[in-house]
Amino acid sequence: MTTHYSVEDAVAIIRFDNPPVNGLSHAIRADVRRGLRTAFEDANVRAVVLAGGGGSFSAGADISEFGTPNSGMEPSLSTLIAEMENAVKPVIAAIEGTCFGGGLELALGAHYRVATPTSRLGLPEVTLGLVPGAGGTQRLPRALDLATAAEMISSGTPRTAEVLASLTGQRLIDRLVDHDVVPAAARFAAEVAAVRPVPLIRDFPVPDGGSDVLAEARQRAQRRSRGFHAPLAALDLVEKATTSSFEDGLAAERQTFLELVRADESHALRHVFFAERLARKIPGVDGDTPTRPVDQVAVIGAGTMGGGIAMNFLDAGIPVTVLETSQAALDRGLATIRRNYQAQVDKGKLTSATAENRMGVLATTLDYRDVAQCDLVVEAVFEDMDVKRSVFTRLDEVTKTGAILASNTSTLDLDAIAGLTSRPHDVVGMHFFSPANVMKLLEVVRGRKTADDVLMTAMEVGRRIGKTGVVSGVCDGFIGNRMLAKYRAAASRLLQEGATPAQIDAAIEDFGFAMGPFRMADLAGNDIGWAVRKRRYAEDPDFPRDEIADALCEMGRFGQKTGSGWYDYQPGSREPQPSPVVDALVAAHSERQNASSAEFSRDEIVRRLIFSLVDEGARILDEDIAVRASDIDVVYVSGYGFPRHRGGPMFYADTFGLDRVVEALREFTDGAREPARLLQELASAGKTFNGR
Ligand code: NAI
């Protein structure tokens, strides 16, 4: 961590360098202030350029300082910005790479901003449950049109300097320069050195269009946020910018920041932020373990999963060869990939040239010799051990030494699959989620014999293709689906006790899940689970019957695709309508069972569902299937729609109090099932999952 100070042609250049992202730690803030003071006092300096090192301005506050004495230590970012604003000599921010959060607030406090077109500017504080705390909510609306500022502040989404510079009336970007931003900013500084008074964003008028723009932004945020508070708090502050003095706006921003930083929501979001990074660390595997090069990938099977998996690699520019059993299957798979890319082009998310480039590195084959030289093979064929056997036997015969053989199996035993080859140490699970080109989560399944460098390579490849990787041991369903089975069972028990699908879904959606279990089932198709159940009933006469779900399927109510399931659907609509047929089915069942058909409170429904996840999560942790509790949180947040601002099931349980979780679980199951051993132990020791 260093700060360079130099003077050239009467322009001082302060370049702060705090790898990897130039976080504005206390030491950096103090250094920058020292640099500014030196420049302001030096009669030979006429203007100052402020720049970040390593090709990036700054990604903002050093969040590892949050809650430590350093975060509040002077100079705070606000103090630094005030000192800069009050200076007589102009300060020019030279922006390249990322300019986020506190970094953008610092740049907003400068008198001018010179940026490269591809640099990205944003205020992502809401993604950590916060609002900008150093004037961002008051200055950005004065530098841009209100709609753009409101959207950037409430969604946290960054924009490129090129896009921002093209907005009508904007005063955020003073000059775009193609490259070498620091010398360009120095030239700009020389041009404006004599201009007085120096322009201050705080003195710019707030653009018009206030209440309508903000009402719309609020509606959008409300739709998106599902009980998540920070975006709405951010919009209140943007509104404040339009109705109050700059100073009052700053004071309100400070107040809101301090409230939010102490709230559960922000703790939860910061927990997830750190948990995602921690998930990359695998105990017992040295961070220096070399990974194997992956430049060429094969995907076996071009069905639902294979096509999506292939797209991930194509998107990252990694050539893929897809292997199938017939030309017809290849053609179908290829057509789906092409259609998905076309849809992205139609939505303006991709140019047709880029789509063509991606398709250009895709090859197809029916011949295993064409995948022999691949560095990584991902198998996504039918979920059937005999089919897997034929594939892995062939792969073992043809692929080069050192090739990584990955399976996307969701239920089969990875160790048994590895045992089909003569090189089980090269076999690993890469469990993608559907749709595989969209879903972030990747469970990397570590077999008994998986080599460390194979595991690390699978994690690293996951990172390259934009996935959030979590290591799981081998068990039925791995981390995510094993827990999901218990969650579904808890939902089904609630039905049997008389709660309706609409009640259950509403409660869990109100908690923040994107979709409740019954809406989800209608989307996925109820016939799939039914087929599995029928097989299980046939195998094991004592297998517990899910009578309500079976009765539903016997009526042909398979979900959205048949126009009815747990809900009714109007033709052509995906909007679920509570169904009198289903309500009657539930009522009749609970009457037969003599269930109390008690009114369930939303809280009880949520606890029953979430604590079922927690209980199974504790077992998974106890069996060392998951490395740590926070990995389970990452699985649920990135793969199962668990509300990020609740931190994941294990974090939620920690905050709730594990002793109360144990008590609630006993009550929900009438003592029929003992809560997980680890959960009970931690609860009686007064500990937490994440702190154990
Ligand atoms: P799918 O039935 O859509 O596709 C399987 C494809 O494999 C078909 O195109 C078939 O022609 C091809 N195939 C079959 N035998 C083959 C062989 N010997 N050589 C080459 N290709 C062969 O199945 P889906 O849903 O894509 O599942 C594939 C795997 O992914 C399974 O192991 C499944 O458990 C797993 N999985 C599925 C998820 C899902 O949501 N569908 C989620 C996560 C994992």
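Remember, it's a predicted structure, so these values are computed and weren't measured experimentally.

1. Thoughts on the overall build of the protein chain
Move 1: When helices and strands are tallied, the protein chain shows 29 helices and 19 strands.
Move 2: On C-alpha atoms alone, the protein chain measures out to a radius of gyration of 28 Å, which is about the 26 Å that the 2.2 N^0.38 rule sets for 692 residues.
Move 3: For the protein chain, with 692 residues in total, the buried portion stands at 46%.
Move 4: Partitioning the intrachain contacts of the protein chain with sequence separation of at least 6 by distance along the chain shows that 72% fall at a separation of at least 24.

2. Observations concerning the sheet that holds strand 15 (residues 427–432)
Move 1: Strand order across the open sheet formed by eight strands is 12-11-10-13-14-15-16-17, with mixed pairing between neighbours. The two strands at the open ends of the sheet, each matched to only one other strand, are strand 12 (362–365) and strand 17 (468–472). In this sheet, neighbouring strand axes are inclined to one another by 25° on average, regardless of whether the strands run parallel or antiparallel.
Move 2: Sheet topology places strand 13 (residues 376–379) next to strand 14 (residues 404–407); four bridges connect them, and they run parallel. Opposite valine 378, over in strand 14, you have alanine 406 as the bridge partner.
Move 3: Relative to strand 16 (residues 441–445), helix 18 (residues 452–464) is tilted by about 170°, and along the sheet it contacts strand 13, strand 14, strand 15, strand 16 and strand 17.

3. Things to note about the UniProt feature "domain: 3-hydroxyacyl-CoA dehydrogenase NAD binding" (unreviewed entry) in the protein chain
Move 1: Those residues carrying the UniProt feature "domain: 3-hydroxyacyl-CoA dehydrogenase NAD binding" (unreviewed entry) are residues 296–472 in this numbering.
Move 2: Within residues 296–472, the helical portion is 41% and the strand portion 20%, while the C-alpha atoms at the span's ends are 25 Å from each other.

4. Digging into the pairing of strand 14
Move 1: Covered by surrounding structure in strand 14 are Ile404 and Ala406 together with Leu405 and Ser407, the residues of both alternating faces.
Move 2: In terms of handedness, the path from strand 13 via helix 16 (residues 385–398) over to strand 14 forms a crossover that is right-handed.
Move 3: With three bridges joining them, strand 14 and strand 15 adopt parallel strand pairing. By the bridge assignment, leucine 405 is partnered in strand 15 with valine 427.

5. Quick look at the packing of helix 1 (residues 26–41) against helix 3 (residues 77–85)
Move 1: Two numbers describe how helix 1 lies on helix 3: the axes approach to 10 Å, and their chain directions differ by 15°. Put simply, helix 1 runs roughly parallel to helix 3. Where helix 1 crosses over helix 3, the handedness of that crossing is left-handed. Every residue of helix 3 that contacts helix 1 at Arg29, Val32, Arg33 and Leu36 is listed here: Leu77, Leu80, Glu83 and Met84.

6. Considering the UniProt feature "domain: 3-hydroxyacyl-CoA dehydrogenase C-terminal" (unreviewed entry) in the protein chain
Move 1: With numbering matched to this structure, UniProt assigns "domain: 3-hydroxyacyl-CoA dehydrogenase C-terminal" (unreviewed entry) to residues 477–569 and 605–687.
Move 2: Between the first and last C-alpha atoms of residues 477–569 the distance is 31 Å; the span itself is 65% helix and 2% strand.
Move 3: Helix makes up 67% of residues 605–687 and strand makes up 0%, while its end C-alpha atoms are separated by 25 Å.

7. Looking at unusual backbone geometry
Note: most residues except glycine have negative phi, and most peptide bonds are trans.
Move 1: Cis geometry is found at the peptide bond from proline 19 to proline 20, where omega equals 5°.
Move 2: Of note, proline 20 is situated in the loop between strand 2 (11–17) and helix 1.
Move 3: If you check the backbone angles, alanine 10 has positive phi at about 70° while not being a glycine.
Move 4: Within the fold, alanine 10 resides in the loop between strand 1 (2–8) and strand 2.
Move 5: In this structure, phenylalanine 478 takes a positive phi of about 50° despite not being glycine.

8. With respect to the site of the ligand
Move 1: Near the ligand you find 24 residues, and of these Gly301, Gly303, Thr304, Met305 and Ser434 are the closest.
Move 2: Mapped by element, the contributors of at least two residues to the shell around the ligand are helix 13 (304–315) and helix 16.
Move 3: For the shell around the ligand, the per-class residue count stands at twelve nonpolar, ten polar and two charged.

9. Brief notes about the nonpolar core
Soluble globular proteins tend to pack their nonpolar side chains together in the buried interior.
Move 1: Counting residues in each nonpolar core, the largest one holds 196 residues, and the members touching the most others are Val49, Ile92, Val114, Ala185 and Val377.
Move 2: Residues within four places of alanine 185 in sequence aside, it is in contact with Val49, Ala51, Ile92, Ala94 and Val114.

10. Considering the confidence of the model for the protein chain
Move 1: Chain-level pLDDT for the protein chain is 94 on average; 99% of the residues reach the 70-or-more range.
Move 2: Scored as a complex, the prediction yields pTM 0.90 and ipTM 0.99.

11. Digging into the sheet that holds strand 8 (residues 159–160)
Move 1: Pairing is mixed in the open sheet, where three strands are placed in the order 5-7-8. If you trace the sheet from one side to the other, it starts and ends with strand 5 (98–100) and strand 8, each paired once.
Move 2: Along the sheet face, helix 4 (residues 102–109) touches strand 5 and strand 7 (120–122) and points at about 85° away from the line of strand 5.

12. Topic: the environment of valine 32
Move 1: Structurally, valine 32 can be placed in helix 1.
Move 2: The class for valine 32 is buried, based on 23 C-beta atoms found within 10 Å.
Move 3: As a C-alpha pair, valine 32 and phenylalanine 16 span 16 residues in sequence and 7.2 Å in three-dimensional space.
Move 4: Filtering out sequence-adjacent residues up to four positions away, valine 32 remains in contact with Thr3, Ile14, Phe16 and Leu80.

Rules used throughout
Residues numbered from 1 in each chain as written. Predicted model: local features only at pLDDT ≥ 70, side-chain atom pairs only at ≥ 80, totals over all residues. Helix = DSSP H or I, 4+ residues; strand = E, 2+ residues; numbered from the N terminus. Rg over C-alpha atoms; globule rule 2.2 N^0.38 Å. Buried ≥ 20, exposed ≤ 12 C-beta atoms within 10 Å, placed from the backbone. Contact = placed C-beta atoms within 7 Å. Pairing = 2+ DSSP bridges. Axes fitted to C-alpha atoms, helices over the stretch in contact; angles between N-to-C directions. UniProt positions renumbered as here; feature names shortened; annotations may be inferred. Right-handed = clockwise from strand over helix to strand, strands pointing away. Parallel < 35°, antiparallel > 145°, perpendicular 65-115°, else oblique. Left-handed = near helix turned anticlockwise from the far one by under 90°. Near = placed C-beta within 6 Å. Nonpolar A, V, L, I, M, F, W, Y, C, P; charged D, E, K, R; others polar. Core = buried A, V, L, I, M, F, W, Y, C linked by C-beta atoms within 7 Å. pLDDT = per-residue confidence, 0-100.

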